[in-house]
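Listed here are the chains, written in short residue letters.
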Amino acid sequence: MEFYTKNVHYGKKVATPIKSKVTPIYQSSAFTFASLQELEGFYEGKGNFLYSRVGNPNTDELGQAVAALEGAEQGVATSSGLSAILVSILAVASTGDHVIAPVDLYGGTYQLIAKELKDVGIESTFVPFESKHTILEAIKPNTRVIYSESVTNPLLRVENIDQLVEVAKEYKLISIIDNTFATPLLCKPINKGVDLIIHSATKYIGGHSDVTAGVVVGNKSLMEKVNQKVVNLGTNLSPFESWLACRGIKTLSIRMEKQAQNAKALAEALVGVKGVKQLFYPSTLSSLGNGAIVTIELDTELCRMESFFESLEWIKIVPTLAGVETTVSYPIATSHRALSEDDLKKLGITRGMVRISAGIEHDQDIIKAFKEAIIKSLI
Ligand SMILES: Cc1ncc(COP(=O)(O)O)c(C=O)c1O
């Protein structure tokens, strides 16, 4: 099946005597058994469900849907993108192990790895991932995991996944890729040999800014370990949130296609505009599009940031991305707020930087809104 078809007809749905077109919400913490024999059947793998932390028709459907789209054998839904990252790392690394990751990682993931994992004895090193030499220098005898994002936030560096997998294979590391920004429509890290893929389903998978969720997918043997962590740590997703994300995912391909087209049109329209100092827009992600995020750096000597944001009118400031509405976020006030001036400088994050998440509106309206706001912000 082509991606666009699979996107709607993904995976296995739960069969019930009542043939609803859409899986109902199984808002139940547990499931009943008519006999001890039936209960034993559950443990022998003969279908049914036991307890929603262990498995639920809606949560399973979401995990299977993302696995189908990523081309992975199995998937599990989690309570957030961060918990997806947590369980995927804890499934393959423990006290005394070491993780390597790029310096330009999403701030929340950086905190999780650098602080929370450190507290349980998992150490980490963050280096620029552009050069293989630098990655190799960071590897230690106890390195277990190489972690990155297919497209970074907010500077939109497209990860060299082939290089990352090469390093992982050579040094027997588990590779994990956060595919949130790219989505499986534009990038399938599994096909390149990545072991585990994670998503903040809060973003494009859900797509409507109404659910906080995560997903991990991978092969059966690694996913058994990930599943065990979800069950033991209680990082499962609720049935309703899973149902919302499943409703959202069915339109992923058409949303992403349109949003990526709008991002491209906007990026092209903002080239050379007075006040725009730099423009970040990936050009090498996929032949189907380069994602739906455009980051611009306004020249703060020419533009007043406050008036820029205030002049955007229908485009709201939101500390997230990927909804169907075009939104903006201001990294130094949100995702990168905790960083020192020095760290911001090292990462190249400036006061003029604005991350734009293109929505599904008409491209000309989006372009007009940004051009007008930039003009109004000029000093
Ligand atoms: C690339 C990326 N990964 C992971 C996360 C964390 O996801 P969540 O907020 O769903 O926990 C985010 C959140 O913004 C993100 O942008």
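Residues numbered from 1 in each chain as written. Predicted model: local features only at pLDDT ≥ 70, side-chain atom pairs only at ≥ 80, totals over all residues. Heavy atoms only, no water.

- Looking at an unreviewed UniProt entry, the protein carries the name Trans-sulfuration enzyme family protein, with the source organism given as Bacillus salitolerans.
- The record in UniProt for the protein states the following under Cofactor (unreviewed entry): "pyridoxal 5'-phosphate". (UniProt positions renumbered as here; feature names shortened; annotations may be inferred.)

1. Re the sheet that holds strand β1 (residues 74-78)
Sheet strands associate in pairs through backbone hydrogen bonding, adopting either a parallel or an antiparallel arrangement.
Thought 1: Taken in spatial order, the seven strands of this open sheet run β1-β7-β6-β5-β4-β2-β3, and their pairing is mixed. The sheet is open, and its two edges are formed by β1 and β3 (123-127), each paired on a single side. Direction aside, neighbouring strands of the sheet carry axes that sit 20° apart on average.
Thought 2: As paired elements, strand β5 (residues 174-178) and strand β6 (residues 196-200) share three bridges and run parallel to each other. For Asp178, the partnering residue across the bridge sits in β6 and is Ile198.
Thought 3: Strand contacts of helix α3 (residues 57-70): β1, β6 and β7 (214-218), with the helix running at about 130° to β1, the strand carrying the most contacts.
Thought 4: Along the sheet face, helix α4 (residues 81-92) touches β1, β2 (98-102), β4 (143-149), β5, β6 and β7 and points at about 160° away from the line of β6. (Pairing = 2+ DSSP bridges. Helix = DSSP H or I, 4+ residues; strand = E, 2+ residues; numbered from the N terminus. Axes fitted to C-alpha atoms, helices over the stretch in contact; angles between N-to-C directions. Contact = heavy atoms within 4.5 Å.)

2. Focus: the packing of α4 against helix α5 (residues 107-119)
Thought 1: At their nearest, the axes of α4 and α5 sit 10 Å apart, and the two run at 45° to each other. The angle between α4 and α5 falls in the class oblique. Of the two possible hands of crossing, α4 and α5 adopt the one that is right-handed. Residues Leu82, Ile85, Leu86, Ile89 and Leu90 of α4 pack against Gly108, Thr109, Leu112, Ile113 and Leu117 of α5.
Thought 2: Considered class by class, the residues forming the contact of α4 with α5 number eight nonpolar, two polar and no charged. (Parallel < 35°, antiparallel > 145°, perpendicular 65-115°, else oblique. Left-handed = near helix turned anticlockwise from the far one by under 90°. Nonpolar A, V, L, I, M, F, W, Y, C, P; charged D, E, K, R; others polar.)

3. Things to note about the sheet that holds strand β9 (residues 293-298)
Thought 1: In space, the five strands of this open sheet follow the order β8-β9-β12-β11-β10, with mixed pairing throughout. Edge positions in the sheet fall to β8 (276-280) and β10 (316-317), since each of these pairs with one other strand and no more.
Thought 2: Contacting β8, β9 and β12 (353-357), helix α11 (residues 252-270) crosses the sheet at an angle of about 20° to β9.

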